[in-house]
Every structure is written in structure tokens, then in C-alpha cells.
Amino acid sequence: MSLWGNQVVLLLGVCLLLSACASQPDTSRYCGTVSGYSEPDREQNIYRVVVTHLNGKPVISKPNYQLSPGVYEFTLAELIDSPALKVKLAARTPKVLSVKVEANQRYHIAARFNTDKVYRGNNTAFWEPEVWFAEEDECELPEIK
């Protein structure tokens, strides 16, 4: 191969290498959002919750948690104010919800009030934490400086 041919091959190789590097998206700032601010439909026996812990660490509850993709454990306290709720205050204990967060998704979390029977006394089975609604939503973590 001629000198000119070698230079062309080398130039093409460098261009391919550079385009491969440039085409890789920066995924370090991708995120999803877990939200507890929306008022769920009480007619469907779904109520708001308060986040007390994230991955076992205490947090101050806030409306939105922007998180890198992955699995997170939310400890939740229910805010069920239905007159049909007959359990003692001691039965109103927090529960853990595992949420698999994906990029550009919003997950609305809540408490489902189980109305299949009347729960009384210290029966904690009267509610379950859940993602009651998920939707597409753009999310990008702030740039760390």
C-alpha cells in the first residue's frame, strides 16, 4: 500500500475512534423521581404517605426524590384518615417499599387502605405501600462542581 493509502487508513481509524467516543451519552446524570406529593384517589382507597427513611437512613420527608437509576428502599408512614379505620395507634407502624427507579420516570408512592375486612386492634395489615402511578418525566441530576 502506498504512503497515501496508509495515511487514509490511519485517518479513517482515528475518525472512527473519535466518533465512537463522542457518540457515548453521559449517563452519570440520568435519574428518575419518586414523588409523594400528589393527592391519590381516596375513592380507590389510596392515601398519601410520608417518607421517614431512604435505604435505612432517616430523611426529612420532601415532595420529590431525584435518584440515579437503581433499587431504593423507602420507609413510609401512612396518612390514612378514613373513618372506616378501626386500628389502635400502635398498629400504625411504618412499612418498607422497594422501588426500582429507571431514568426519566416518575413514581408516585402511596398507601393502599385494605378494605376487604374490618381491621381492629393491633392488626398492621390494614395498609400496604405501593407505587400507585408511574409516568414518563424528564430528570437530570444537577452537575456536581
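Not measured: the values here are computed from a predicted model.

**So, the pairing of strand β1 (residues 32-35)**
Taking every second residue as pointing to the same face, both faces of β1 are buried, with Gly32 and Val34 on one and Thr33 and Ser35 on the other. Where β1 and strand β9 (residues 105-113) come together, 3 bridges link them in parallel fashion. Each residue of the ladder has a partner; that of threonine 33, found in β9, is arginine 106.

**Side note on the packing of aromatic side chains**
Under the definition given, this model contains 3 aromatic pairs. Note on tyrosine 65 and phenylalanine 74: the rings are 5.7 Å apart at their centroids and 70° apart in plane angle, and the pair reads as edge-to-face. No difference in accessibility class separates tyrosine 65 from phenylalanine 74, as the two residues are buried. When the ring of tryptophan 132 is compared with that of phenylalanine 133, the centres are 6.0 Å apart and the planes differ by 35°; the resulting orientation is tilted. Given the relative accessible area of 26%, tryptophan 132 is considered partly exposed. Taking relative accessible area as the criterion, phenylalanine 133 reaches 40% and is therefore assigned partly exposed.

**Quick word on the state of the cysteines**
Per the counting criterion, the structure on display carries 1 disulfide. Two residues share a disulfide in this structure: cysteine 31 and cysteine 139, whose sulfurs sit 1.8 Å from each other. Sign of the S-S torsion, about -100° for the bond between cysteine 31 and cysteine 139, identifies this disulfide as left-handed. One end of the pair, cysteine 31, is in the loop between α1 (3-22) and β1; the other, cysteine 139, is in the segment after β11 (127-136), with 108 residues separating them in the sequence. We classify cysteine 31 as buried; its relative accessible area is 0%. Judged by its relative accessible area of 8%, cysteine 139 is buried.

Rules used in this analysis
Counting starts from 1 at the beginning of each chain's written sequence and moves along it residue by residue. For this predicted model, a pLDDT threshold of at least 70 governs which residues receive local features, and a threshold of 80 or more governs which side-chain atom pairs are given and counted, while totals over whole chains, interfaces and linings are taken from all residues. Computation of side-chain values covers all heavy atoms of the structure but excludes hydrogens and water. Type-normalised accessible area, obtained with a 1.4 Å probe on protein chains alone, sets the label of each residue: buried when under 20%, exposed when over 50%, and partly exposed for intermediate values. Comment: elements are numbered from the N terminus, with helices defined as DSSP H or I runs of at least four residues and strands as E runs of at least two. For two strands to be treated as a pair, DSSP must find at least two bridges joining them. Note on aromatic pairs: the rings of Phe, Tyr and Trp (six-membered ring only in Trp) are paired at centre separations within 6.5 Å, and the planes decide the class, stacked below 30 degrees, edge-to-face beyond 60, tilted for the rest. Two cysteine sulfur atoms form a disulfide, by the criterion used here, when they sit within 2.5 Å.

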